[in-house]
Each structure stands twice: as structure tokens, then as C-alpha cells.
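Spelled out from the first residue to the last, the chains are:
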Number of protein chains: 4
Amino acid sequence: MSLSVAVAGASGYAGGELLRLLAHHPELEVRTVTAHANAGQPLVSVHPNLRSFASLTFQETTAEVLAGHDVVFLALPHGHSGGIAAQLPESTLVVDAGADHRLERADDWQAFYGTEHAGTWPYGMPELILADGGRQRRELRAARRIAAPGCNATAVTLAAAPGIAAGLIDATALTSVLAVGSSGAGRAAKTQLLAAELTGSAAPYGVGGSHRHLPEIAQNLRAVGAAEVRHSFTPVLVPMTRGILATVTAPLIGEATPEQVRSAWLTAYGDERFIHVLPTGEYPRTADVLGSNSVHIGVGLDEAAGRVVMIAAIDNLGKGTAGAAVQSANIALGFDEQLGLPVDGVAP
Amino acid sequence: MSLSVAVAGASGYAGGELLRLLAHHPELEVRTVTAHANAGQPLVSVHPNLRSFASLTFQETTAEVLAGHDVVFLALPHGHSGGIAAQLPESTLVVDAGADHRLERADDWQAFYGTEHAGTWPYGMPELILADGGRQRRELRAARRIAAPGCNATAVTLAAAPGIAAGLIDATALTSVLAVGSSGAGRAAKTQLLAAELTGSAAPYGVGGSHRHLPEIAQNLRAVGAAEVRHSFTPVLVPMTRGILATVTAPLIGEATPEQVRSAWLTAYGDERFIHVLPTGEYPRTADVLGSNSVHIGVGLDEAAGRVVMIAAIDNLGKGTAGAAVQSANIALGFDEQLGLPVDGVAP
Amino acid sequence: MSLSVAVAGASGYAGGELLRLLAHHPELEVRTVTAHANAGQPLVSVHPNLRSFASLTFQETTAEVLAGHDVVFLALPHGHSGGIAAQLPESTLVVDAGADHRLERADDWQAFYGTEHAGTWPYGMPELILADGGRQRRELRAARRIAAPGCNATAVTLAAAPGIAAGLIDATALTSVLAVGSSGAGRAAKTQLLAAELTGSAAPYGVGGSHRHLPEIAQNLRAVGAAEVRHSFTPVLVPMTRGILATVTAPLIGEATPEQVRSAWLTAYGDERFIHVLPTGEYPRTADVLGSNSVHIGVGLDEAAGRVVMIAAIDNLGKGTAGAAVQSANIALGFDEQLGLPVDGVAP
Amino acid sequence: MSLSVAVAGASGYAGGELLRLLAHHPELEVRTVTAHANAGQPLVSVHPNLRSFASLTFQETTAEVLAGHDVVFLALPHGHSGGIAAQLPESTLVVDAGADHRLERADDWQAFYGTEHAGTWPYGMPELILADGGRQRRELRAARRIAAPGCNATAVTLAAAPGIAAGLIDATALTSVLAVGSSGAGRAAKTQLLAAELTGSAAPYGVGGSHRHLPEIAQNLRAVGAAEVRHSFTPVLVPMTRGILATVTAPLIGEATPEQVRSAWLTAYGDERFIHVLPTGEYPRTADVLGSNSVHIGVGLDEAAGRVVMIAAIDNLGKGTAGAAVQSANIALGFDEQLGLPVDGVAP
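Residues numbered from 1 in each chain as written. Chains lettered and ligands numbered in written order. Predicted model: local features only at pLDDT ≥ 70, side-chain atom pairs only at ≥ 80, totals over all residues. Heavy atoms only, no water.

- Going by an unreviewed UniProt entry, chain A carries the name N-acetyl-gamma-glutamyl-phosphate reductase and comes from Agrococcus sediminis.
- Quoted verbatim from the Catalytic activity (unreviewed entry) field of UniProt, the annotation for chain A is "N-acetyl-L-glutamate 5-semialdehyde + phosphate + NADP(+) = N-acetyl-L-glutamyl 5-phosphate + NADPH + H(+)".
- If you open the UniProt record of chain A and go to Subcellular location (unreviewed entry), you find "Cytoplasm". (UniProt positions renumbered as here; feature names shortened; annotations may be inferred.)

This is the structure we're talking about:
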């Protein structure tokens, strides 16, 4: 018998992708969707692609509406998850696709969000290598509150973590530049996100250390073993709807051949079903992970520059948001981790 | 009376852009266009956008056809310019939009191109700051052979040079990631350049120190004053036709405020008509330079990471290729440097 | 126990999409993939998105290699299917995603393809309304040879058929203009299909009655009941990878209200799981069907012009090619028609 | 000595393109730019591409600010031009890039805009063939009030007019489907115009006879000689910033060869500098007119369908809006019609 699911904030892009994935999940059944401005409207009026849910109508986002489901996914603007979650039974699995419960340090939250910290939940990145050699996955088993990671944080963390864990790269001189699709900016109507502004253009934002995924990445890399993280991080909006291509570089520590470098990633991710380390000399494209929960990673050694180049491709709404939420829920609920999650991208 | 011009290799994208700019040049008149496979065809059959040249037909690319013009622009595949140029009179201004004559060190050429070096010509980047505080422009006055820069080299060099000249950044720990439009890859029919492959995707290439613009950039930065250059350089194809957005970062040397950092760029480019240093906190978009000879540069200081972030946007076919060629020719011929060159981009 | 499947011509876009769908099919298991130029290479070297098939290698496309499978999908260039199919046992289900066996009239084939006609197979468009009120589906049950429809033919046929069947529109004055994604042109490296050529541009092709899907559409509309079909058909390549938006118009016969018009489509497709007739005043977008087997149709009446406007959106590789092939195979094999076929598009 | 120019509503896309063109106009000098929400801001903060106007700041849009210029271009939302224009001296040349003064029939205005009609000004489409064989150009000479055409109206009118004037096509059975770039929808922040919504998708709007350019097109075609116009018109937003590709079809009246058909367009536009009738069998692409004032037209005869197919490509902001405004101003002021107007598109 399926477990019952509610998705709060289902009118946004993250909420829509959660629904798209859950439509194929054999053990979870979406019963309730909530929204704010769209409450009262049919779901397909906002997500015409989601024909599987043609019978659903958005309800108001309240604890009363969400209560009584086995699993609640929250896809709310930051600052809204804590209050709702506090009113839900502890036995309900709550997965927050938003930022509220990702950070461990309240001062990080304060510095980057400027409001009071809602607290820290187990972090929904199962593949994260921990400093003791374990995986974040063990924290998620039987958890009833889970914070799904940020999309950019996922791409950068999974690209860099094996190098840090293996002592191969210097985390105090990291630089990341990300080509990101515009769905990551959400559905709010803003002039700078208009198609006329972004089509045919590459445009950076959040430059110079202000991006809110920075403390999350640093926290992840410390968990992997970095004593200190210094990280230059620049996302660039490019004319695609979905996708993140993170190009991360860091100085090589000591000496290594390209194959020795790459073998650290192979070792780290050898058993992971959603992480694919590409052959030597190959690098990922975002098209290849579109709509999937997969991460493609290419690793190279630039010997002249003394730098390791780590490039990861994800779908920001897939593995970057909704996929990680479903994957983490699968673990928490004791299901096969892959239920409902495609590994094959929609290409071309 | 106008000077007569021939464009060799006019069937490619660089050649086409040269023609588009020259159509508006008040002192230069295109009389002859040559091509290889398209010889004998009307120019507009290959470049339907170039209605100004509806009467021209491609001729064969031979020294005989090119001789007798005051100015010859070469937009040929690398390896083809030297032989042709050697057969043209020394009094003819020859501007090579290709790579053959850019590099000063024959061993750089050999290492990255694997053929014999054709020799070094004055380098067509007028705004390049030299170590003595002068500009590359002085080498171009009255020159009769000019090598126009590579497009990626232009973006990275102009982004980083003021920081190096001012002693603000460490050239031994440079990283550049470029979002590049697909016209930079040229017009050859290759599967990986198909619209179905590139639309909706971000895809790196030339990763890990193999890109041919690396020695050119290093040469430029040494000219500016860098004792040693170590540079991690990763271009990423993104779904746009034109444009390069180069995100260059390097460690800050010593201490400085963001405004002190930015003032180095303002000082360096204050008088340059084609280089626009954006206000503090603003960064460029490629759309804003499309079709123009302008370079937009934003500079920031990431204090937490200890890095200067320098972002430059150019049109790879404009300032990145054809614009630089025309600008350099203007200088060599004693014309106003701006003749025929738009400063305003075609946006949105 | 799963049935064994081979996909011939699996290196192209249609073949890749067949594999992506079959990866989720609970009753079919891909054992063999064949290709021409790529024979001997790992499948993921050509389709890096298809991680589910990381263990497969392309074999040569021969009858020997294909024999011994329960189901063979052919995704070959036209002209190649007939010879291969003739060598396969009659008991093998062969689904041809190419054009060879779609047309009923040998002279149509001759006129549009110029070669000898390979013969006619049952046509894999289950939802096609027949003149007697039945569906094409009945022809597919237990068929062992199936010709999957052309992508443009699918969009136009499904848009217009209910109007013709209901006697509402005049099939002798049809006009269709299609916005089509470039994956429909296949993976061959052609200059006019380069990203630099198609990005940012709309470009018609096959104008004026020459497109090869014209006789197929006419055949379909005759099956629905049209005595005569005259059809102006213009596909326009637009900068997207996948998708067809077919705008079909025809004169209204007699008088009707907009709701009366629309009700013909509702009646025709009421039970179809993959066809979604949108509410009055709404029209489809290709993004909403991306990666799915769904068809979204909006129907309006332009009273001033006296024309019915029928707009259909499909994914050219999904319902337009691979989806229809799998759907038809499901019917032929007695499976649930929806096995392996998503109804929800990947949007945004 | 240059004439002084003010551009009202200069913060929008049409206003920005007017400025980009006027920057190169040898006889017109922009002194004043006005805006509504952006009043008080530097022009380059809204149009970072327009470096030529780095010294300008938006002023309020009032008659006082606009008075005292020789030429005033209005790029205001519809309904705002009439009031402003009434307060400007009759000797000032006022060119309205908006809709207010295009329509001749007050009831057309009322039906499509729902407000009071502001009156009719000479129509700024110089190339429009009139029923007496003359051109619209004669009305513009010495005019002091000009209504620039709508972008879609320009594409459809110029595509179809020669066929109607020559009696070759039936204007009571016209169908037009247009692939249009999103800049035509303006700069207002609307969810359905977000890049995440439009990238990778084709989406119709204004379907079924509701589009506001319909009465303008009908008026134009009547001026050309059509006794009655019935016109099915469907614009489709496609993922490009600029450009309109209008595919217009109509039944052929009587008999004609393809060359006879095409010769009507050659005859009609033989002397026009901005209209290029392509060779037989060639059709236009929007990329080829980007940033220009050119119109590329391909004409074919679909003999099987009995239809003439007329395809026109324009830049919606160029010839579709700002280019036509400048061209018409040139005529009114007695200048060479081509001043400031590029004929060559920015491609690729």
C-alpha cells in the first residue's frame, strides 16, 4: 500500500519537479498539493505538463492541510518551512527542499539570510563522503526531518569532495564557476529573468562571495575533511532552462599523475548509482543529465597550472532539488534508493 | 578616396563579420572576397545577411587575387596565412585574423600547433598595457603586418591585465572559466556542434591546459609585467551564437579595498573608447556587447576568498576577431581608431 | 519474464530515445544495439545520457545480429528497413521507426523518395480515428510488422483528424505551419544544422509541397474520412532541441459555436490516455510535452476568418517517433498501452 | 547641424533600439530620453549596451521635457501617445512607435483596444504599395505626425501585398503563422515571459482572431487593393530574442508558374533598398536580418495545394519598430531614407 504524500509550495518549479518524479514512484502517492497565490486553482493550470495530476487542485499551505500525510515535501520560499514543520507530527517524514534547515551554524544563517535560524536537519546528500570514510546516507536512515541540499551546493560539493577526502586538493584555494539554467532562479516574475534578457546571453550574478550556497558548500567540505575552506564562487546564468555545469578547480597537493587523481573519484563514487565518473579526458554536458537524478563528473589534472579540474553536471531541479529530496525520502523510509528516480537524461 | 580591401577566407564566420563591419567603414572599400570550397558562388549565398555585398562573388584564395589591394584581411584556417602573406608586397597592410603570427616563441607554437612557426607580427590588441606603462597601440602605428588576437585571449587578457600591471593579483594562480558561444568554433560541420547537441546544454572543451589560446594569454600577461603565469583555463560552450563571458580570478596580493582594486581598472582603461569598466557591484552580460567592438568589465573583491574576480564580456566575432582586426588596421593606416566599429551592442 | 529487444540504428536520436524509454519498460529488455559508423563503440560514448545501458556496445546492423530477439526496433535511414526486415522471422515483432513502410501508395513513395516502395505495414498511430468510427489500434493488435508514423505527420494528423471525422472542416484548404526542434533533422553533421546557424533564428525548410510527410498526412486524413486533401505545409526550424508545435487551420464547414467545435475533439479523444484536449481558450506549448508520449491539443474557432485553428504540441522524438513505436509495440504484444511511456513532460 | 531628438519611453525595448539606431544617424542627435519608472536613472543602468549614451539620464515623460526638440519619438504603452502629442508644436516631427495612431477606423480601435480612438496619422510603412500603384512613402514626405507600424503587421503586410496588388492571391482566405521572438512582448515582468518558461519551447498566443495587429493588416491590404480581407493569424513565441518569421499563405487566383508568381514580388520591390526578394527556392531566416532594417522575402507556389507561400523575416525591433520609425522620419525630413539604418543583419 502506498504512503500518502503532500507537496507544499507545489506551484513553483521545485514543487512541479517533485510531482513529476513522484508520479512514477511505486510506493508514494501524492494526495495533496498546496500553494499560496494559486490556491484554489487546478494543478494543471499552473503545470500544464503534469497530466498525471489532472484531478488535483491547489489548497492553502497550512499545517491542517498537510497533516495526516505520511510524507510532506516542503518547496517553500526560505523562512517558511520552520513554522509549518513545527506543527506537523514528529512521525511524519518532512523533507524540506528549501534552505531553512541546511546550515549547522546559526551565524552562517544570520550572515547570509539575515533572519533567525530555524535549526538544522539531517542533510539530504546521501553520497557525501564523511571525514570518517562513511556516507551521509547513514544519517538519513529513519530520519523524520530532512533538509535537501541547494542545487549549486550539490554540484560543487560532489565535484570536489573526493579530492578533499583524499588529500589531493587544497580547499583554501578553490574556485568554482557555474553555468546555470534559469529555472534555478524560480518562477517569480522579474525583469532580469525575462526570456528577452537571458536568451542569447551569459550573465553572472551573486559574484564576490555573496551567494547563499557558499556556507553550505563550506560546511560540506569540512564534513569531508577540509580544515579550512576558502572558495571563490561565481554562478553565470546561461540560456538554458535546466542544468548546472560546475567547473571547480583547486591546486594539487603534492605530486600525482592524472590517473592517480581520477582514481580518487572512482574510489569515492564506485558504488553510487547516481554518480558517474567519466573516462579520462571526457567531461560532462548538462544535456546528458536533464530530467534525471544523475551527476556526471569529469576530472582532469592541468599539470602546467598545477591544478585539478573537476567538472560536474546536474539537473538543478532533478538531483539539485527534487531528486535529492525523493532519494533521501527513499532512504529514510527504507525503500530502494532509486525508486522513482531516472538515471538517464533526456538528450538531445 | 577609399582604400581597396580584400578579405581572404570570407566564407567563414570571422570573414563574414569582417565584411559586416567594413560595409560601414568610410575609408575602406571591399573589392574582393575569396574562399576555398565556395569559390565561384555569390557571397550572399553563403552570407544571406550581407546584402551590402550582393554584387560580390567568391574568388579563389591566391596571392594573385589578393595582390593589388591596399589592405588584405586574412581569415584562414591556421597554417595558411604565412604562405599567402609572403607573396604580398610589403607595402600592403595584411591583417591576419588567424593564429599563425600571434605567438612570439616558436616552441609555444610547436607545442600547441605541432607545425613550423610562421613568425611573429605586431599584435593587434591596442589596449594592451605594456610593462613600461605604454600601450600595444604604438607598435601598430604604420605596421604593415598585424596579427589579430584570439577571441578567448582577448577576453582574459583585457580582464586581468590591469591587475597584473598594478601588482594587485598573483598571475601564478589564475583561473579562467569562459562561457562561449558556438560561432567561435567556426563553420565546419561537426556532430558535436549541431544545434541538437548544444541547445539547452553547457559543455566544456579544451579542458586541462590544452587550449591553444593559453600561450597567447601568457605572452600577453608577461608583456604586462607578470614574471610567471600559471593559468587554469576552461572554456564552456553555452547555447548562444556569439559572446564570451570570461570569469577570471586570482589571489589578491597584499591588502586592498574593493574600490582600490577597481580603481586599477579604471586607471588602466580610462581613455579607451571600447573598454567599459562597470560600476562597483555590476558585472557584464554578453548580450550587451553583441555585434559591437566593446569590452565590458566588472571587477570585484571576494574578501572571504582573498580573490579578485574579473569578468569580461566580448563578442567573440566582434572585438574578439573582426573588430580587433579593423581597429588595428585603423591605427596602422592613421585613421580614427573607431571608424566602422560600433560601441553599442545589439540588445535585447 | 521480459521479452528481449534489439534496437537497430541505435546511435541516432530516434534510437537513443527508444532506449531511454525502454529502460523503464517493465516487460521489455534491451539486449542488443546496432549502429553503422559507431559499431564497436560503447553505447555511452555516443549517448552519454543513457547510463542505464553502460554495459552495451554497438554491434553491426545485420539480420544475424538482430535475429533471436522477440522485438526489433528499426531506427535506420530510409531505404534500409525493408531488406533487414525481410530476413527476420515473421514471428518477430518488427517496429520500423523510419519511413519505409508507412505509405500505402507506391506512387506516393516513388514521388517523394524516388526509390522502390518497400511495402506497407500496419501504421502505428493507435489514436487515429477511422472513417468507420474505429481506431487504428485494432490493426495493431497482434501485428508483427508496424510502421511508426513520422513526427510531423503525427502532430498534424492528430490535430486535424477529429474535425475531418466530424465533418467540421474542409480538408481541401488545410494549412499547417510547424515550429520544429532541430533534433528532427537527425544527427548528421550538416552546416545548416550547426548551433551557430540555428540558435537565435527561425528558418523554414521543405517549403511549397516538397516535404515527405505530406503524402503520409493525406493518407491519414483520407482514412479519417476526407474525400480529398489539399494541404499547404511549412515546417520552420526554431531554436529548440525537441518539440513540434503544429498550427493547423482549415475553413469551418457550416455553422458552429466554439464549444461545438471543441466538443468534436473532446469526443474523439475522450478516452485516449496520451491525448489531452486543453480547455477553451488555452493552447499548448512544446515544453509541456518534452520527453513524454503526450499530445496537447488546443482548438479554437476564428469566427471573423471562418477558420478552425487546431494547435498540437508533441515531442518529435517522443510521441513523434520512439513513443509511438513503443506504444504500438505494447498493443501488438498485448501489454498495457502505457508501459514505459511517460505522460508528464519535463518542464520547465 | 544635427536636428535635436527626444525619445519618450526610452527605457523599453523599442526605445532602446531607437537609441541604438540613432547613435549612428549623421543628422539626428539624441538630447533627451524620458521614462516612467526609471526617471532619474542613468540610461546605461537600464540599457547597459548603449555606451554611446553614457551621459544621458532618464527624465520624466512630460510635454515640457519633450518640447523644444526637432523630432520626438514616442515609444509609450498604447493609450499614452495622443495626450502627449497634442501638447507638442505642430512643427515638431512626432513619430509614434506605438499603436495609438495606426488605425483609420475608430470602430476597429474600439473593438481591439476598448478605449477611445486617438486619431489617425500617416502610416510609416514607406514600401507599402497603394492601390493606385504608388507607395505609402508619398504620404510621409513633409509629414509632421507619423504612426510607425506594428511589427507583426509589417511582416505580414510586406509578405502579402505584392500578391494582392497583382491580383494573384485571394485575400479572403489568408492564413499567417508567425514565429516571433520574445522581445516583441516588451520588458514587463510577466511569469509567462520568463526565460525558464520560453527557453526550449514554442508557445502560441493571441490565437483565434484576437490579436491587435489584425485590423492594421486588413487596413494595409485594403490599401493595396483587397476588397475584403479574411485572415487567420497565429503568432507563436519561440526561443529567440528578436525576429519574426511570418509564413503567409493564400490561394492562388487563376493559373501561374512559380516564376510568374515570384516576379510580382520582384516587380513590387525591385527598387526598395530594405526589401530583398530571395532567389527561387530560397526562404529567409530571422538571423539574417537581426539588428537590421531589412526584410527578406521568399515566395513559392505550392501547386498541389493551390497556394502561394510567402515568407518574410524581419527584426521585430528593427524594421518592425525602430527601423521603420527612423526610416519614416528620414523621409519626412527630406534625408536619404537609409541614414542610420543597417541593411546587413548580425549573423551568425
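### Brief notes about the overall build of chain A
For step 1, the next point in the chain: Helix and strand counts for chain A stand at 11 helices and 13 strands.
For step 2, the next point in the chain: A compact globule built from 348 residues would reach a C-alpha radius of gyration of about 20 Å, and chain A, at 19 Å, matches this within 12%.
For step 3, the next point in the chain: Dimensions of chain A, computed from C-alpha atoms along their principal axes, come out at roughly 60 × 45 × 40 Å.
For step 4, the next point in the chain: Across the 348 residues in chain A, those meeting the buried criterion constitute 67%.
For step 5, the next point in the chain: Sequence-distant contacts, at least 24 apart, represent 71% of the contacts inside chain A between residues at least 6 apart.
For step 6, the next point in the chain: Accessible area of chain A: about 10,700 Å², with a carbon and sulfur share of 49%.
For step 7, the next point in the chain: Taking the average place of the 22 positive charges on the side chains of chain A and the average place of its 32 negative ones, the gap between the two points comes to 3 Å. (Helix = DSSP H or I, 4+ residues; strand = E, 2+ residues; numbered from the N terminus. Rg over C-alpha atoms; globule rule 2.2 N^0.38 Å. Buried < 20%, exposed > 50% of the residue type's maximum accessible area, 1.4 Å probe, protein only. Contact = heavy atoms within 4.5 Å. Areas by Shrake-Rupley, 256 points an atom, 1.4 Å probe, with all protein chains shown as cover. Lys, Arg positive; Asp, Glu negative; His and termini not counted. Charge placed at Lys NZ, Arg CZ, Asp CG, Glu CD.)

### Structural notes on the relation of the copies chain A and chain B
Both copies of the chain are tied together by a single rotation about an axis and a shift running along it.
For step 1, the next point in the chain: Of the transformation placing chain A onto chain B, the axial shift is 0.0 Å and the rotation is 180 degrees, giving an RMSD of 0.0 Å. With respect to symmetry, the two chain copies, as superposed, fit the operation of a two-fold axis. Across chain A, the rotation axis passes nearest the C-alpha of Pro239(A), at a separation of 2.9 Å. (Least-squares fit on C-alpha atoms with pLDDT ≥ 70 in both.)

### Digging into the relation of the copies chain C and chain D
For step 1, the next point in the chain: Screw-axis analysis of chain C against chain D gives a translation of 0.0 Å along the axis, an RMSD of 0.0 Å, and a rotation angle of 180 degrees.
For step 2, the next point in the chain: Mapped onto chain D, 100% of the interface residues of chain C again fall at the interface, so both copies present the same surface.

### A word on the packing of helix H7 (residues 151-165) of chain D against helix H9 (residues 214-224) of chain D
How two helices pack is summed up by the angle between their axes together with the distance between the axes.
Residue and element names in this part refer to chain D.
For step 1, the next point in the chain: Between H7 and H9, the shortest axis-to-axis distance is 9 Å and the interhelical angle comes to 25 degrees. As summarised for this structure, H7 and H9 are arranged roughly parallel, according to the angle between their axes. H9 is crossed by H7, and the crossing has right-handed handedness. Contacts from Asn152, Ala153, Val156, Thr157, Ala160, Ala161, Ile164 and Ala165 in H7 reach Glu216, Ile217, Asn220, Leu221 and Val224 in H9.
For step 2, the next point in the chain: The class makeup of the residues in the contact of H7 with H9 is nine nonpolar, three polar and one charged. (Axes fitted to C-alpha atoms, helices over the stretch in contact; angles between N-to-C directions. Parallel < 35°, antiparallel > 145°, perpendicular 65-115°, else oblique. Left-handed = near helix turned anticlockwise from the far one by under 90°. Nonpolar A, V, L, I, M, F, W, Y, C, P; charged D, E, K, R; others polar.)

### Re the UniProt feature "active site" (unreviewed entry) in chain A
Residues and elements named next belong to chain A.
For step 1, the next point in the chain: According to UniProt, the positions carrying the feature "active site" (unreviewed entry) are Cys151.
For step 2, the next point in the chain: A residue is classified by how much of its surface remains accessible, and Cys151, at 13% relative accessible area, is buried.
For step 3, the next point in the chain: Ignoring sequence-local partners within four residues, the contact set of Cys151 consists of His213, Ile244, Ile314, Asn316, Gly320 and Thr321.

### Focus: helix H11 (residues 318-333) of chain D
Residue and element names in this part refer to chain D.
For step 1, the next point in the chain: Taking 1.5 Å per residue, 16 residues should reach 22 Å; H11 reaches only 20 Å between its end C-alpha atoms and comes up short.
For step 2, the next point in the chain: Residue Ala324 marks the point of greatest curvature in H11, where the axis turns by about 45 degrees.
For step 3, the next point in the chain: For H11, a buried count of 15 out of 16 residues is recorded, marking the element as mostly surrounded by other parts of the structure.
For step 4, the next point in the chain: Looking one or two residues beyond H11, the residue adopting positive phi is Gly334, at roughly 80 degrees. (Expected span 1.5 Å × (residues − 1). Bend = angle between axes of the 7 residues up to and from the residue.)

### Brief notes about the pairing of strand E1 (residues 3-8) of chain C
Residues and elements named next belong to chain C.
For step 1, the next point in the chain: Summarising burial for E1: five of the six residues are buried, a large majority.
For step 2, the next point in the chain: Here E1 runs beside strand E2 (residues 28-35); their pairing, made up of six bridges, is parallel. Looking at E2, one finds that Ser4 is bridged to Glu29. (Pairing = 2+ DSSP bridges.)

### What about the confidence of the model for chain A?
For step 1, the next point in the chain: This prediction gives chain A a mean pLDDT of 97; 100% of its residues lie at or above 70.
For step 2, the next point in the chain: Interface predicted TM-score (ipTM) for the complex: 0.97; the corresponding pTM is 0.98. (pLDDT = per-residue confidence, 0-100.)

### Observations regarding the environment of Ile84(B)
Residue and element names in this part refer to chain B.
For step 1, the next point in the chain: If you trace the backbone, Ile84 turns up in helix H4 (residues 81-86).
For step 2, the next point in the chain: Linking Ile84 and Met125, residues 41 residues apart in sequence, is a C-alpha distance of 23 Å.
For step 3, the next point in the chain: Among residues more than four places away in sequence, those in contact with Ile84 are Thr61, Thr62, Ala63, Leu66, Leu74 and Leu76.

### A few points about the domain arrangement of chain A
Residues and elements named next belong to chain A.
For step 1, the next point in the chain: Domain boundaries assigned for chain A yield domain 1 (3-148 + 318-333) and domain 2 (152-314).
For step 2, the next point in the chain: Between the C-alpha centres of domain 1 and domain 2 the distance comes to 24 Å.
For step 3, the next point in the chain: Each partner contributes residues to the interface: domain 1 has 29 residues there, and domain 2 has 36 residues.
For step 4, the next point in the chain: Buried surface at the junction of domain 1 and domain 2, summed over both partners, amounts to about 2,700 Å²; 52% is from carbon and sulfur atoms.
For step 5, the next point in the chain: Area buried by domain 1 at its contact with domain 2 is led by Tyr13, Phe112 and Lys319, which between them contribute 24% of it. (Domains from an automatic or database assignment. Buried area = accessible area lost by both parts, 1.4 Å probe.)

### Topic: the pairing of strand E4 (residues 71-74) of chain C
Residues and elements named next belong to chain C.
For step 1, the next point in the chain: Judged by which residues are buried, E4 turns out to be covered on both faces: Val71 and Phe73 on one side and Val72 and Leu74 on the other are all buried.
For step 2, the next point in the chain: Judged from the four bridges that link them, E1 and E4 form a sheet pairing that is parallel. Across the sheet, Ala6 pairs through a bridge with Val72, a residue of E4.
For step 3, the next point in the chain: Two elements, E4 and strand E5 (residues 93-96), share four bridges in a ladder whose sense is parallel. Residue pairing for E5: Val72 is matched across the bridge by Val94.
For step 4, the next point in the chain: A crossover links E4 with its parallel partner E5, the connecting element being helix H4 (residues 81-86), and its sense is right-handed. (Right-handed = clockwise from strand over helix to strand, strands pointing away.)

### Regarding the UniProt feature "domain: Semialdehyde dehydrogenase NAD-binding" (unreviewed entry) in chain A
For step 1, the next point in the chain: As recorded in UniProt, the sites labelled "domain: Semialdehyde dehydrogenase NAD-binding" (unreviewed entry) are residues 4-136 of chain A.
For step 2, the next point in the chain: In residues 4-136 of chain A, helix accounts for 24% and strand for 18%; the two terminal C-alpha atoms are 26 Å from one another.

### What about the packing of helix H7 (residues 151-165) of chain B against helix H11 (residues 318-332) of chain B?
Residue and element names in this part refer to chain B.
For step 1, the next point in the chain: Across the interface, H7 lies against H11 with an axial gap of 8 Å and an inter-helix angle of 100 degrees. Between H7 and H11, the crossing angle belongs to the class labelled roughly perpendicular. Taken together, the residues of H11 that come into contact with H7 (itself represented by Cys151, Thr154 and Leu158) are Lys319, Gly320 and Thr321.
For step 2, the next point in the chain: A breakdown of the residues in the contact of H7 with H11 according to their chemical character gives two nonpolar, three polar and one charged.

### Here's the deal with the sheet that holds strand E1 (residues 3-8) of chain A
Residue and element names in this part refer to chain A.
For step 1, the next point in the chain: Across the sheet, six strands lie side by side as E3-E2-E1-E4-E5-E6; this open sheet has parallel pairing. Looking along the sheet, the strands with just one partner apiece sit at the ends: strand E3 (58-60) and strand E6 (145-147). Along the sheet, successive strands turn relative to each other by an average axial angle of 25 degrees, direction set aside.
For step 2, the next point in the chain: Strands in contact with helix H1 (residues 13-22) are E1, strand E2 (28-35) and strand E4 (71-74); relative to E1, the strand with the most contacts, it is inclined by about 160 degrees.
For step 3, the next point in the chain: The strands touched by helix H11 (residues 318-333) within the sheet are E1, E2, E4, strand E5 (93-96) and E6, with E5 carrying the most contacts at an inclination of about 155 degrees.

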